[in-house]
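# Overview (structure and organization)
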Amino acid sequence: MERPGPSEVAGSDASGPDPQLAVTMGFTGFGKKARTFDLEAMFEQTRRTAVERSRKTLEAREKEEEMNREKELRRQNEDTEPTSSGSHVVRDCSKSSSSDTSSNGSEESSDSSDDELIGPPLPPQMAEESVKHMEENISRLPPPLYEEEEDDDDDGDSEDDENPVQKIPDSHEITLKHGTKTVSALGLDPSGARLVTGGYDYDVKFWDFAGMDASFKAFRSLQPCECHQIKSLQYSNTGDMILVVSGSSQAKVIDRDGFEVMECIKGDQYIVDMANTKGHTAMLHTGSWHPKIKGEFMTCSNDATVRTWEVENPKKQKSVFKPRTMQGKKVIPTTCTYSRDGNLIAAACQNGSIQIWDRNLTVHPKFHYKQAHDPGTDTSCVTFSYDGNVLASRGGDDTLKLWDIRQFNKPLFSASGLPTMFPMTDCCFSPDDKLIVTGTSVQRGCGSGKLVFFERRTFQRVYEIDITDASVVRCLWHPKLNQIMVGTGNGLAKVYYDPNKSQRGAKLCVVKTQRKAKQAETLTQDYIITPHALPMFREPRQRSTRKQLEKDRLDPLKSHKPEPPVAGPGRGGRVGTHGGTLSSYIVKNIALDKTDDSNPREAILRHAKAAEDNPYWVSPAYSKTQPKTMFAQVESDDEETKNEPEWKKRKI
């Protein structure tokens, strides 16, 4: 193809672009006059625009930081309401930023609305440099401010954060009746599906929230430690095992259904050094699972030791920690716990001290504060916060104290006036670590026990809940359910929840109506499944309740049918009314009641004349030796003299 000359190009300009030529060249507008532009001027304009925009956003960010500082100052002054000026500043800034963006957008749209640039494309190297320069300028820009609606939402969230009392789920409650004695132990599995309670009545009861109805009845009750009071119950971190600590010296581990998994061995009480025994030798106080390692748990006892165990090795403890006073004497630990990461072991002792060990170093404690609480009072609970930096202790001296383990030389805060009368009154942190909860004890008939909430940052008493007319012993705030479980001194376990703030748990069972017991269920026996029994011992599976009920009605033992009188000869060991046996004859003839109410003397004298006329039994036997009558009754003196015997008439 021959290239056109200048005259042809000029002719094409005069007559207009040739459409066929445009198709051949591959782009439109061929033949128009090319527009000249300056790349350096464009780069300079882009740089100025980016600098201006970044300057405005930086100013807006500085204003926002000033507002945050003002909010912090207001928080320190306990003023939770944001000022109107700050909100106006945010809104003005947001509006100015939106107006800037709109103006910039209009400028860009005006630039884009110019005539389409026509001409040869930029060199590839220059084009890449320009694009890279623009990307660098844009990447240096800070993110824009939030819109006005998002600012309003953040303000609302900050208000909720500033007031943690509003997050307490106490609008609704349910009551689970454990028994008549103190509920001294509570345990909730990690998923929040099952609750286990233990008390002074030696019973451990299982509650399934998904399986319960409005009657709130436990589905299983057992006594794993026989006649020992239950002191502590805790689910493992996997939820398949429960640690049971009672008043005995041997802790037990049971599974979710209540069957025993292992029992710790008892030590030798005649050995002086408790580190040389294989187990505890005195009453236990409490226990705790390791938060990270499966199958490891810890117990403390009156033998002045804290021992760690493994489920796979119940014949000997894993390690022994021996609390000591500052003089090196033995001291009894009353409670113990793991830190959240499981690296530390904390124990409170009867002399008022709190001692913390490294889990791998059993000799000397890492932290030791000797007068955390009054000596001689049993510290009932120590627990770590969720961030692992703060330790809360509930003392028997009616106090609640907060400690920072990074500076374990004095308590951060202390609250008094919290009476306690139980050696297992505990405390716990809220799921967001902003509140601390504990219970109070009361004498019987002297008021009601309370659940008291303290703010962690200021340790002010911000909220109270009246539980019942008895002491509050146990409290548990589950982080996944956001529900509070409470154990009381009158045998009740209460669950507090909020339909909007809580998840599952008690919300599952309150919506179910109470089922009525069927009559067939009360009369028929439960079918026991024995999968490993022989076929000859298997019971037939009942197919219909009505048919089984009819069979039970015909059975005299199951229906308690009275026995009818025996007709004919006796059978089954019972004597009939008549028959040919000797016993029936005796009953019929001799053993009958033949009572005679007549005078016995008259009955005897009735036969006197016949016996005198015809002697048969006695008189013939004495006929030869029987003397004659020597004395006789006479009616007159003549008859007396007449009938006198011969020896009397004779005169000597």
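Residues numbered from 1 in each chain as written. Predicted model: local features only at pLDDT ≥ 70, side-chain atom pairs only at ≥ 80, totals over all residues. Heavy atoms only, no water.

### Comments concerning the UniProt feature "repeat: WD" (unreviewed entry) in the protein chain
As recorded in UniProt, the feature "repeat: WD" (unreviewed entry) lies at residues 176-208, 277-319 and 382-406. Regarding residues 176-208, the helix share stands at 0% and the strand share at 58%, and the terminal C-alpha atoms are separated by 11 Å. Span residues 382-406 is 0% helix and 52% strand, its end C-alpha atoms 16 Å apart. (UniProt positions renumbered as here; feature names shortened; annotations may be inferred. Helix = DSSP H or I, 4+ residues; strand = E, 2+ residues; numbered from the N terminus.)

### Concerning the pattern of salt bridges
Taken as a whole and assessed by the stated rule, the structure comprises 26 salt bridges. The residue Asp432 makes a salt bridge to Lys167 at a minimum N-O spacing of 4.0 Å. Residue Asp432 is found in the loop between strand S22 (427-429) and strand S23 (435-439), and its partner Lys167 is found in the loop between helix H6 (148-162) and strand S1 (172-177); the two are separated by 265 residues along the sequence. On the basis of relative accessible area, Asp432 is assigned to the partly exposed category, the value being 30%. Take Lys167: its relative accessible area is 31%, and that puts it in the partly exposed class. (Salt bridge = Lys/Arg side-chain N within 4 Å of Asp/Glu carboxyl O. Buried < 20%, exposed > 50% of the residue type's maximum accessible area, 1.4 Å probe, protein only.)

### Examining the packing of aromatic side chains
Under the criterion given, the structure shown has 12 aromatic pairs. Ring centres of Phe413 and Phe459 lie 5.6 Å apart, and the angle between their planes is 10°; this geometry places the pair in the stacked category. Here Phe413, found in strand S21 (residues 413-415), pairs with Phe459, found in the loop between strand S24 (449-455) and strand S25 (461-468); they are 46 residues apart in sequence, far enough to count as distant. Residue classification places Phe413 among the partly exposed positions, given a relative accessible area of 29%. You can call Phe459 buried: its relative accessible area is 8%. Taken together through their ring pairs, the aromatic side chains of Phe367, Tyr369, Trp403 and Phe408 make up a single cluster. (Phe/Tyr/Trp six-rings, centres within 6.5 Å; stacked < 30°, edge-to-face > 60°.)

### Some words on the environment of Gly258
Checked against the element boundaries, Gly258 lands in the loop between strand S8 (252-255) and strand S9 (260-263). In contact with Gly258, other than residues within four places in its own chain, are Phe206 and Leu222. (Contact = heavy atoms within 4.5 Å.)

### Quick look at the environment of Thr377
With respect to the helices and strands, Thr377 occurs in the loop between strand S17 (367-369) and strand S18 (381-384). Taking the C-alpha atoms as reference points, Thr377 and Gly395, separated by 18 residues in sequence, lie 7.2 Å from one another. Those residues within four positions of Thr377 in sequence are excluded, and the remaining contacts are Cys349, Gln350, Gly396 and Asp397.

### A word on the pairing of strand S28 (residues 492-497)
Most of S28 sits inside the fold, with 6 of its 6 residues counted as buried. Neither face of S28 is left uncovered, since the one carrying Leu492, Lys494 and Tyr496 and the one carrying Ala493, Val495 and Tyr497 both have all their residues buried. As judged from the 6 bridges shared by S1 and S28, these two strands associate in the antiparallel manner. If you follow Ile174 over to S28, its bridge partner there is Val495. (Pairing = 2+ DSSP bridges.)

### Some words on the sheet that holds strand S12 (residues 306-310)
The sheet built from 4 strands is open, its strands ordered S10-S11-S12-S13 with antiparallel pairing. Looking at the sheet topology across the chains shown, the edges are occupied by strand S10 (284-289) and strand S13 (319-321). For this sheet, the mean inter-axis angle between neighbouring strands, taken without regard to orientation, is 20°. Relative to strand S11 (residues 296-301), S10 runs antiparallel, the two being bridged by 5 bridges. Note on S11: the bridge partner recorded for Gly287 is Thr299. (Axes fitted to C-alpha atoms, helices over the stretch in contact; angles between N-to-C directions.)

### Focus: the sheet that holds strand S19 (residues 390-394)
The 4 strands lie next to each other as S18-S19-S20-S21, forming an open sheet whose pairing is antiparallel. Each edge of the open sheet carries a strand with a single partner, namely S18 and S21. Taking each pair of neighbouring strands and ignoring which way they run, the sheet shows an average axis angle of 15°. Here strand S20 (residues 400-404) pairs with S21 via 3 bridges, running antiparallel. By the bridge assignment, Leu400 is partnered in S21 with Ala415.

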